[in-house]
Amino acid sequence: MTAELPFLPFSRPTIDEETIAAVGEVLRSGWITTGPKNQAFEAQLSEYFGGRPVRTFNSGTCTMEIALRIAGIGPGDEVITTPISWVATANVIIECGATPVFADIDERTRNIDLDKLEAAITPRTKAIIPVYLSGLPVDMDRLYAIAAKYKLRVVEDAAQAIGSQWKGKRIGSFGDFVSFSFQANKNITTAEGGCLVLNNLEEARLAEKYRLQGVTRSGMDGIDVDVLGGKYNMSDMMAAIGLGQMKRLAEFTAHRAKVAEHYFKCFGPDFEARTGAQLPIQAFGTSNWHLFQIILPDRGPGTRAEFMTRMQKEFNIGTGYHYAPIHLFTMYRERGFKDGQFPVAEKIGRLTVTLPMFNTMTSADVERVVAAVNGILAK
Ligand SMILES: *Cc1c(COP(=O)(O)O)cnc(C)c1O
């Protein structure tokens, strides 16, 4: 019926002409790999995160793996995280030779439940990886109180949380390791890429080594390798995109809050009672509104697939789901995880759906999505 309207994706990057021209300049400059644009991007990020050292990488996944390596996490160590995240969050623990341990999530925030996290700590626990799903931080005071009490390192998976805040402080401007992703769907992007906020220059130097084959150079022709590094550096084309995005970050974040506000207004205070669905927490003041996720009313197996299909076929609207529970993937089942272990994550993982939310989304787009959702969920 409304299939004539243009396709509305759940996410869409915003790249302006000035940024496209800056990438062109890099391509013409003769230096296209890691160089001056990366230095400038790292300096800007560092300034944004209150002067803390920042290093860029070619993904938000390797930033977390490198943070774990810097923290000395390896075989025999346990790392606790949430089962509701992109699988990268748990994969990096295995990459380091450590053991992933999950703690169930909170039904309202959909983030790791810090009581359950604390209960999962053993003498082998060395680190925790909280995830700020949709850009909503966990209780950061409680998180760092737990880390201090049990002497644990924290690798914040803030992949979705650039622009988010806790008590007026930017996520990334405080804490231990903080990892961000600039993958295409994130609030700001470098097409692919990421950055890691570190505690001191010693860690930053180690991050540089892990980023590029463990190499240290000195003098005109001095070179040595003393740790096993990989190939994780960011090109200057990507950094040029990042510099263009940083100029717009405050504007993007403010716009997303407006879009979220309009969603809540259009769904109305009776939406949950009317449909049995669950809206996100109205976290104005902390969230950067990376995703706008609702939990569907449980109408049996296939509930979400049917909803997503109808959104696409009848309304030409794209949706997503973030995420399937990690512990139920074959590779994790093979490590001993099973159904029923994390019931809240399993329920949310089956019924969560991501509605459109992006930097240039209009009020009319929001109204179109709300009308479609109301139409499908009407009993
Ligand atoms: C995007 C994302 C990642 C991975 O980032 P990449 O840049 O794609 O490697 C990890 N965790 C979460 C929660 C994410 O949203």
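Calculation rules
- Residues numbered from 1 in each chain as written.
- Predicted model: local features only at pLDDT ≥ 70, side-chain atom pairs only at ≥ 80, totals over all residues.
- Heavy atoms only, no water.
- Core = buried A, V, L, I, M, F, W, Y, C linked by side-chain atoms within 4.5 Å.
- Buried < 20%, exposed > 50% of the residue type's maximum accessible area, 1.4 Å probe, protein only.
- Helix = DSSP H or I, 4+ residues; strand = E, 2+ residues; numbered from the N terminus.
- Contact = heavy atoms within 4.5 Å.
- Near = heavy atom within 4 Å.
- Polar contact = N/O pair within 3.5 Å; in protein donor to acceptor, adjacent residues only side chain to side chain.
- Areas by Shrake-Rupley, 256 points an atom, 1.4 Å probe, with all protein chains shown as cover.
- Axes fitted to C-alpha atoms, helices over the stretch in contact; angles between N-to-C directions.
- Parallel < 35°, antiparallel > 145°, perpendicular 65-115°, else oblique.
- Left-handed = near helix turned anticlockwise from the far one by under 90°.
- Nonpolar A, V, L, I, M, F, W, Y, C, P; charged D, E, K, R; others polar.

Details of the nonpolar core
Stage number 1. Ranked by internal contacts, the top residues of the largest apolar core, which has 41 residues, are F49, I80, L117, I171 and F180.
Stage number 2. Contributions of two or more residues to this core are made by helix 2 (36-48), helix 5 (114-119), helix 6 (140-150), strand 8 (177-181), strand 9 (194-197), helix 8 (236-246) and helix 9 (249-267).
Stage number 3. Setting aside residues no more than four positions away along its own chain, I171 makes contact with F49, Y132, P137, M140, E156, A158, A161, S164, Q165, W166, V178 and F180.
Stage number 4. L8, F307, F358 and V366 belong to the second-largest nonpolar core, a separate cluster that totals 30 residues.

Examining the site of the ligand
Stage number 1. In the vicinity of the ligand there are 16 residues, among which G60, T61, D157, S181 and K186 approach most closely.
Stage number 2. Here Q160 contributes a side-chain N or O atom positioned 2.9 Å from an oxygen atom of the ligand.
Stage number 3. Look at the ligand: alone it shows 380 Å² of surface, and the protein chains cover 93% of it.
Stage number 4. With three residues, the top contributor of residues to the shell around the ligand is helix 3 (residues 60-70).

Some points on unusual backbone geometry
Stage number 1. Y323 follows H322 through a cis peptide bond whose omega is 15°.
Stage number 2. Mapped onto the elements, Y323 comes out in the loop between helix 11 (303-315) and helix 12 (330-333).
Stage number 3. The backbone phi angle of S134 is positive, close to 65°, even though this residue is not glycine.
Stage number 4. Mapped onto the elements, S134 comes out in the loop between strand 4 (125-129) and helix 6.
Stage number 5. The buried category is assigned to S134, whose relative accessible area is 13%.

Considering the packing of helix 3 against helix 7 (residues 201-211)
Stage number 1. One can describe the packing of helix 3 onto helix 7 by two numbers: an axis separation of 10 Å at closest approach and a directional angle of 125°. It follows that helix 3 is oblique to helix 7 by the angle criterion. In terms of crossing hand, the pair formed by helix 3 and helix 7 is right-handed. Between helix 3, through I66, R69 and I70, and helix 7, the contact on the second element is made entirely by E203, L206, A207, Y210 and R211.
Stage number 2. Of the residues that constitute the contact of helix 3 with helix 7, the class distribution is five nonpolar, no polar and three charged.

Details of the packing of helix 11 against helix 14 (residues 363-377)
Stage number 1. Their axes nearest at 10 Å, the elements helix 11 and helix 14 cross at an angle of 125°. By the criterion of interaxial angle, the relationship of helix 11 to helix 14 is oblique. In this structure, the crossing between helix 11 and helix 14 has a hand that is right-handed. For the pair helix 11 and helix 14, the contacting residues are F307, R310, M311 and F315 in the first and R368, V369, A372, V373, I376 and L377 in the second.
Stage number 2. Of the residues belonging to the contact of helix 11 with helix 14, the class tally is eight nonpolar, no polar and two charged.

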